[in-house]
Amino acid sequence: MPMGGGWIPDRLRRACALLGALTALGAAHGAFAAEPAKPDRFVGDLLRLGLGDEAGIEARRLLLENGPQALAPETTYRVGLALAVSGKPEQAVPFLEQAAAGTTDPTRADQIDLTTGVVLLRARSFPHALHVFARVEAFGADEATRVFATRLRCVAEVLAHDGAAARACIAGLPGGVGPPGGELNELVRTIEIDVHARAIVGGVLSAVVPGLGQLTAGNPGDAALALLVNGGFATAIYFLLADGAIADAALVGLGLGLRYYVGNINNGAEAWRAAAEEKRERASARLIRLLGPAP
């Protein structure tokens with residue numbers, strides 16, 4: 001077998017070159033594998049998979065162990081938004097507040113603050129939401145953001161059923177936003193309805209005439225049932241007394257009749273309460289639609 005020529009040196013050079021390439025590739029792979037993954041990369045993967053709760057748990061762990069710098073502000077914002085969408089506003093708000101605090105762009109920070117306020121509105125945490133909107137309204141980075149914060153503050157006043165504050169806020173909006181004066185006053189008067197007082201009126205009406213509270217609240221079926229049941233007990237007691245069966249009359253009246261009579265009063269009060277709440281919510285929804293984009 002011939003051994004001359006350049007056969008051995010060529011093969012050796014090729015082998016050495018291949019070995020060197022494989023060694024370099026292995027070293028690079030090892031370095032890549034040894035490099036720790038960015039903390040927010042895993043949280044982002046969980047969010048992309050639609051696992052908002054799991055992303056929140058992992059994000060909380062990272063923040064507790066490594067501090068606010070463990071997650072990028074946008075990742076923190078996405079976690080908060082995912083939790084808010086899944087119906088967990090109390091868990092979402094801390095993430096949103098941290099995202100706003102960590103954002104260097106003032107306009108973006110204002111946008112996240114407004115998102116936080118809307119989440120608080122959905123959680124019915126009106127004082128906190130009003131504080132957030134008022135802060136952006138006063139210190140927002142640009143005029144458009146400040147105006148939008150004012151409109152959201154008006155929405156919060158309406159949802160909180162604070163008629164005086166809502167009227168003042170809406171009247172101060174630029175550009176004639178909101179209903180004209182007459183309609184505004186009517187809607188504000190409606191959202192100021194005292195639901196507790198309405199419930200008392202309904203209970204008193206049903207105490208005077210069983211079913212009257214239900215009837216005047218717009219529930220004729222409940223009214224007829226209350227009148228029929230209580231009228232039946234009253235008739236039974238009357239005949240028992242006429243027959244001299246006083247003990248039986250007392251047993252029927254106090255043991256059964258009184259229970260259904262009190263239930264009729266409570267039902268009348270609840271009917272008036274529900275009717276007042278419905279009127280107030282319709283007025284609130286109308287005002288919010290007139291104010292523009294609703295949260």
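In what follows, the structure referred to is the one given above.
Here's a quick rundown of the structure.

Reading the values: the criteria
- Residues numbered from 1 in each chain as written.
- Predicted model: local features only at pLDDT ≥ 70, side-chain atom pairs only at ≥ 80, totals over all residues.
- Heavy atoms only, no water.
- Axes fitted to C-alpha atoms, helices over the stretch in contact; angles between N-to-C directions.
- Helix = DSSP H or I, 4+ residues; strand = E, 2+ residues; numbered from the N terminus.
- Parallel < 35°, antiparallel > 145°, perpendicular 65-115°, else oblique.
- Left-handed = near helix turned anticlockwise from the far one by under 90°.
- Contact = heavy atoms within 4.5 Å.
- Nonpolar A, V, L, I, M, F, W, Y, C, P; charged D, E, K, R; others polar.
- Buried < 20%, exposed > 50% of the residue type's maximum accessible area, 1.4 Å probe, protein only.
- Polar contact = N/O pair within 3.5 Å; in protein donor to acceptor, adjacent residues only side chain to side chain.
- Patch = residues over 30% accessible without salt bridge, like charges linked within 9 Å, V, L, I, M, F, W, Y side chains within 5 Å.
- Areas by Shrake-Rupley, 256 points an atom, 1.4 Å probe, with all protein chains shown as cover.
- Salt bridge = Lys/Arg side-chain N within 4 Å of Asp/Glu carboxyl O.
- Phe/Tyr/Trp six-rings, centres within 6.5 Å; stacked < 30°, edge-to-face > 60°.
- Lys NZ or Arg CZ within 6 Å of the ring centre and 35° of its normal.
- Disulfide = S-S within 2.5 Å.

A closer look at the packing of helix α6 (residues 106–122) against helix α7 (residues 126–139)
Viewed as axis vectors pointing N to C, α6 and α7 meet at an angle of 160°, and their least axial separation amounts to 8 Å. Between α6 and α7, the interaxial angle falls into the category roughly antiparallel. Where α6 crosses over α7, the handedness of that crossing is left-handed. The segment α6 lies against α7, with Asp 110, Asp 113, Leu 114, Gly 117, Val 118, Leu 120 and Leu 121 engaging Phe 126, His 128, Ala 129, Val 132, Phe 133, Arg 135 and Val 136. Each residue belonging to the contact of α6 with α7 can be placed in one class, and the counts come to nine nonpolar, two polar and three charged.

Some details on the environment of Val 79
Following the sequence through the fold, Val 79 ends up in helix α4 (residues 73–85). Val 79 sits in the buried class, given a relative accessible area of 0%. Spatially, the C-alpha atom of Val 79 lies 8.1 Å from that of Leu 96, the residues being 17 residues apart in sequence. For Val 79, the residues in contact, after removing those within four places along its chain, are Val 43, Leu 47, Ala 55, Gly 56, Ala 59 and Phe 95.

Considering the environment of Thr 103
Here Thr 103 shows up in the loop between α5 (89–102) and α6. Looking at Thr 103, the relative accessible area reads 16%, which means it is buried. As a C-alpha pair, Thr 103 and Pro 73 span 30 residues in sequence and 6.0 Å in three-dimensional space. Setting aside residues no more than four positions away along its own chain, Thr 103 makes contact with Pro 73, Arg 108, Ala 109 and Ile 112. Within polar-contact distance, the side chain of Thr 103 engages the backbone oxygen of Ala 99 at 2.6 Å.

Things to note about a nonpolar patch on the surface
On the surface, Ile 200, Val 204, Val 208, Val 209 and Leu 227 cluster together to form a nonpolar patch covering roughly 440 Å² of accessible area. Looking at the nonpolar patch, the element that brings in the most residues is helix α11 (residues 195–208), giving three residues. On the secondary structure map, Val 209 appears in the loop between α11 and α12 (212–216).

Things to note about the packing of aromatic side chains
Under the counting rule described, the total for this entry stands at zero aromatic pairs. Positioned above the aromatic ring of Tyr 77 is the side chain of Arg 108, whose terminal nitrogen or guanidinium carbon lies 4.6 Å from the ring centre.

Topic: the state of the cysteines
Following the criterion strictly, the structure yields one disulfide and no others. Between Cys 154 and Cys 169 runs a disulfide, and the two sulfur atoms are separated by 2.0 Å. Its torsion about the S-S bond being -90°, the disulfide of Cys 154 and Cys 169 is classed as left-handed. Within this pair, whereas Cys 154 is found in helix α8 (residues 143–159), its partner Cys 169 is found in helix α9 (residues 163–171), the two being separated by 15 residues in sequence. Note on accessibility: Cys 154 and Cys 169 belong to one class, buried.

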